[in-house]
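Here is what each chain is made of, one letter per residue.
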Amino acid sequence: MKTIMAVGAHTGDAQLTSGLLLARHAQEGDRIVTLDLTAGERGTPAGFTQESFRQYNIECAGQFAQMLGGKSIVLDIPDGELTYSQELAIRISDIMREYEVSTVLYHWKNSMHKDHIAASQLTTDAIFFASLGTFERPLPPAPIRRFLYAENWEDSEGFVPYAYFDVTQAFPLWKEAVRKLWLTEHSRDFRYLQYYEGLARMRGALIKKEYGTAFGIDEYAKRVVMET
Ligand SMILES: [Zn+2]
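Residues numbered from 1 in each chain as written. Predicted model: local features only at pLDDT ≥ 70, side-chain atom pairs only at ≥ 80, totals over all residues. Heavy atoms only, no water.

Caption draft 1: The arrangement of the pattern of salt bridges in detail. By the definition in use, this model includes 10 salt bridges. The residue D115 makes a salt bridge to K114 at a minimum N-O spacing of 3.0 Å. A relative accessible area of 44% places K114 in the partly exposed class. Here E197 makes a salt bridge to K175, at a shortest N to O gap of 2.8 Å. Taken together, the residues E197 in helix α8 (residues 192-206) and K175 in helix α6 (residues 171-178) connect sequence positions 22 residues apart. (Salt bridge = Lys/Arg side-chain N within 4 Å of Asp/Glu carboxyl O. Buried < 20%, exposed > 50% of the residue type's maximum accessible area, 1.4 Å probe, protein only. Helix = DSSP H or I, 4+ residues; strand = E, 2+ residues; numbered from the N terminus.)

Caption draft 2: Up close: the layout of surface pockets. Empty space within the largest pocket amounts to approximately 440 Å³. Around the largest pocket, the lining comprises 23 residues; the ones closest to its centre are H10, G40, G43, L183 and Y192. Put simply, the parts of the chain that give the lining of the largest pocket at least two residues each are α3 (50-67) and α7 (182-186). Ranked by residue count, the leading element in the lining of the largest pocket is α3, at 3 residues. (1 Å grid on protein atoms, 1.4 Å probe; cavity = no way out; pocket = protein on both sides within 12 Å on 5 of 7 lines; lining within 4 Å. Points joined across faces, edges and corners; volume = space filled by probe spheres on them.)

Caption draft 3: Structural view of the side chain of D30. Relative to the helices and strands, D30 resides in the loop between α2 (19-27) and β2 (31-38). Although D30 is buried, it makes no salt bridge; K2 carries the closest opposite charge, 4.1 Å away. Within polar-contact distance, the side chain of D30 engages the side chain of H25 at 2.7 Å. Ignoring any residue separated from it by four or fewer positions in sequence, one finds D30 in contact with M1, K2, I4 and H25. (Lys, Arg positive; Asp, Glu negative; His and termini not counted. Polar contact = N/O pair within 3.5 Å; in protein donor to acceptor, adjacent residues only side chain to side chain. Contact = heavy atoms within 4.5 Å.)

Caption draft 4: Representation of the pairing of strand β7 (residues 212-216) in the model. Among the 5 residues of β7, 5 are classified as buried, and the element is accordingly described as predominantly covered. A two-sided burial pattern is seen for β7, the buried positions comprising G212, A214 and G216 on one face and T213 and F215 on the other.

Caption draft 5: Structural view of helix α5 (residues 114-131). The terminal C-alpha atoms of α5 lie 26 Å apart, and with 18 residues this matches the ideal 26 Å at 1.5 Å per residue to within 8%. Burial in α5 covers these residues: D115, H116, A118, A119, S120, L122, T123, A126, I127, F129 and A130. Looking at the buried positions of α5, the neighbouring elements they touch are β1 (3-10), α1 (13-17), β2, α4 (86-98), β4 (103-106) and β5 (146-150). (Expected span 1.5 Å × (residues − 1).)

Caption draft 6: Molecular detail of the packing of aromatic side chains. On inspection of all chains with the given rule, the structure shows 16 aromatic pairs. When the centroid spacing of 5.4 Å and the interplanar angle of 85 degrees are considered together, the rings of F53 and W182 count as edge-to-face. Taken as a pair, F53 in helix α3 and W182 in helix α7 lie far apart in primary sequence, 129 residues in all. Across the pair, exposure class does not vary: F53 and W182 are buried alike. An aromatic cluster of at least three residues, connected via ring pairs, comprises W153, F190, Y192, Y195 and Y196. We note R201 situated over the ring of Y211; from NZ or CZ to the ring centre the distance is 5.4 Å. (Phe/Tyr/Trp six-rings, centres within 6.5 Å; stacked < 30°, edge-to-face > 60°. Lys NZ or Arg CZ within 6 Å of the ring centre and 35° of its normal.)

Caption draft 7: Spatial organisation of empty space enclosed by the protein. Evaluated as defined, the whole model comprises 2 cavities of 30 Å³ or more. In this structure, the largest cavity encloses a volume near 80 Å³. For the largest cavity, the full set of lining residues is L16, T17, L20, E151, Y196, L199, A200, R203, G212, T213 and A214. Residue assignment for the lining of the largest cavity shows that the elements contributing at least two residues are α1, α8 and β7. Examining the composition of the lining of the largest cavity, we find that 4 residues originate from one element, α8, more than from any other. Tallied by class, the residues present in the lining of the largest cavity amount to 6 nonpolar, 3 polar and 2 charged. Of the voids in this model, the second largest cavity is the one considered here, and its volume is about 40 Å³. For the second largest cavity, the full set of lining residues is V7, G8, D13, A14, T17, S18, L105, Y106, H107, A150, N152 and D155. Per-element accounting of the lining of the second largest cavity gives the leading share, 3 residues, to α1. Broken down by class, the residue content of the lining of the second largest cavity amounts to 5 nonpolar, 5 polar and 2 charged. (Nonpolar A, V, L, I, M, F, W, Y, C, P; charged D, E, K, R; others polar.)

This is the structure we're talking about:
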């Protein structure tokens, strides 16, 4: 059994941008882990306090993961205060080791949001620390074979989709699961569901499927060997 981990800066990031591929893996019997580095509580809507919104978002992330038969982890870092530190990268890498993660889906390096930029850098280093056999930690290294950058409307600068996946079968499960999130049903700042549903439709058209999802990879990884 493979473990697929999606890492997001705020609750909702991983579920909206990587959720279709997570749902497909869940249907194929793989283990799913969502890791939200903050609970996104600073976008506190009317009727909530920051603390009650934090708890609400943690519950929503839990419901999303549960619908995919997976696990949700939300760290205790305050929303808006995510910054890079090697200590935090190692903490994330230990979670990757604990769940024996084989694929990591996460933020592209550029973003309009500082927390997303920090999340990208933290995850990149966590993958390094989690994979390195000579980096001694209590648990053995995680068997990470693949890491991909998710398509996030806030992280669009320089993002180029490269790896496409057919998620036609997974789409209904994802849509039902993602509607558990506050952002999807109530946000007035951005039409999350309209955007990500439309994106899945458009990415699907490009691969001649009903629904698709696409991820970026590093420039250095774009290499093909041709026979002649
Ligand atoms: Zn975010």
